[in-house]
Amino acid sequence: GAGVSQSPSNKVTEKGKDVELRCDPISGHTALYWYRQSLGQGLEFLIYFQGNSAPDKSGLPSDRFSAERTGGSVSTLTIQRTQQEDSAVYLCASRAGTTLTGTQYFGPGTRLTVL
Amino acid sequence: GQQVMQIPQYQHVQEGEDFTTYCNSSTTLSNIQWYKQRPGGHPVFLIQLVKSGEVKKQKRLTFQFGEAKKNSSLHITATQTTDVGTYFCAGGSSYKLIFGSGTRLLVRP
């Protein structure tokens, strides 16, 4: 596909369970970002990948959150022991590596609901 | 840390009226980007401004970047119902974009 894809589109889980959210960036895009958007709010930066490394993890809210990227492509955001305040839409974006501040292309997001 | 403030939070206009949203950064930006998010959708890139004092137009949309590269505005002339959504500015200083909180535009037909 031509765009960024994310799966699942919706995830309902029980408090205390672990969840994994997946992002498939645009092919060839070396930069990948994860954001969180709570209902009616702006985008909260979580983590930035350049290739497989994450030079900026400063936005991860707690040590329950982690992310990895393999093969310079797919990324997985893992939330352990989910809490109700983790409920939000998790957005992934990718950017071509040619300029640091080029356009970010967003995926459709994963809506996470923690009961 | 760097902050990007955006006002107003909401704007409710009659179709045909103009609309403006303003963005201010606490630090000088290398560029500013604007995104639109339709209800239930994801942010979609609209435009990027790089030069001090730059003005760009896209049909009824006019984007400005301040002389000091710390503020920006988006103006929509004669709004239409298709303009409904949340408009975000995002300030860049290196690899990172700091998003404003967005302005939600509602248009009464």
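So, how was this worked out
- Residues numbered from 1 in each chain as written.
- Chains lettered and ligands numbered in written order.
- Predicted model: local features only at pLDDT ≥ 70, side-chain atom pairs only at ≥ 80, totals over all residues.
- Heavy atoms only, no water.
- Pairing = 2+ DSSP bridges.
- Helix = DSSP H or I, 4+ residues; strand = E, 2+ residues; numbered from the N terminus.
- Axes fitted to C-alpha atoms, helices over the stretch in contact; angles between N-to-C directions.
- Disulfide = S-S within 2.5 Å.
- Phe/Tyr/Trp six-rings, centres within 6.5 Å; stacked < 30°, edge-to-face > 60°.
- Buried < 20%, exposed > 50% of the residue type's maximum accessible area, 1.4 Å probe, protein only.
- Polar contact = N/O pair within 3.5 Å; in protein donor to acceptor, adjacent residues only side chain to side chain.
- Contact = heavy atoms within 4.5 Å.

Please give an account of the sheet that holds strand E8 (residues 71-76) of chain B that cites residues and values.
Residue and element names in this part refer to chain B. Read across the open sheet, the five strands follow the order E1-E3-E8-E7-E6; overall the sheet is antiparallel. Both outer strands of the open sheet, strand E1 (4-7) and strand E6 (55-58), are each paired with one neighbouring strand and no more. Here the average twist between neighbouring strands, direction ignored, is 15°. Sheet topology places E6 next to strand E7 (residues 61-65); four bridges connect them, and they run antiparallel. From the neighbouring strand, lysine 57 faces E7, where its bridge partner is threonine 62.

Give me the lowdown on the state of the cysteines, citing residues and values where you can.
Residues and elements named next belong to chain A. Per the stated rule, a full pass over the model turns up two disulfides over all chains. Two residues, cysteine 23 and cysteine 92, share a disulfide whose sulfurs are 1.8 Å apart. Handedness of the cysteine 23-cysteine 92 disulfide follows from its S-S torsion of about -60°: it is left-handed. Placement of the pair is cysteine 23 in strand E3 (residues 19-24) and cysteine 92 in strand E9 (residues 88-95), with a sequence separation of 69 residues.

Run through the packing of aromatic side chains, naming residues and quoting values.
Scanning all chains against the criterion turns up 13 aromatic pairs over all chains. Ring centres of phenylalanine 106 of chain A and tyrosine 35 of chain B lie 5.7 Å apart, and the angle between their planes is 85°; on these two criteria the pair is classed as edge-to-face. With phenylalanine 106 of chain A in strand E10 (residues 105-106) and tyrosine 35 of chain B in strand E4 (residues 31-37), this pair bridges two chains. According to the relative accessible area criterion, phenylalanine 106 of chain A is buried, its value standing at 6%. Given the relative accessible area of 0%, tyrosine 35 of chain B is considered buried. The interplanar angle of 55° and the centroid separation of 6.4 Å between the aromatic rings of tryptophan 34 of chain B and phenylalanine 63 of chain B together place this pair among those described as tilted. Highlighted residues: tryptophan 34 of chain B in strand E4 and phenylalanine 63 of chain B in strand E7, separated in sequence by 29 residues. Accessibility assignment for this pair places tryptophan 34 of chain B and phenylalanine 63 of chain B in one class, buried. One aromatic cluster in this structure is built from Tyr33, Tyr35, Phe45, Tyr48 and Phe106 of chain A together with Tyr35, Phe45, Phe88, Tyr95 and Phe99 of chain B.

Summarise the side chain of glutamine 104 of chain A; cite the residues concerned and give the values.
In this structure, glutamine 104 of chain A sits in the loop between E9 and E10. There is a polar contact of 2.7 Å between the side chain of glutamine 104 of chain A and the side chain of tyrosine 35 of chain A. With residues near it in sequence (within four places) discarded, glutamine 104 of chain A still touches Tyr33, Tyr35, Ala93, Ser94 and Arg95 of chain A together with Gln33, Tyr35, Tyr95 and Leu97 of chain B.

Any details on the environment of leucine 46 of chain A? Residues and values, ideally.
Residues and elements named next belong to chain A. Take leucine 46: it is sitting in strand E5 (residues 44-50). With relative accessibility at 0%, the residue leucine 46 sits in the buried group. A C-alpha to C-alpha distance of 5.4 Å links leucine 46 and tryptophan 34, two positions twelve residues apart in sequence. Look past the residues within four positions of leucine 46 in its chain and what remains in contact with it is Trp34, Tyr35, Arg36, Lys57, Ser58, Gly59, Leu60, Pro61, Leu77 and Tyr90.

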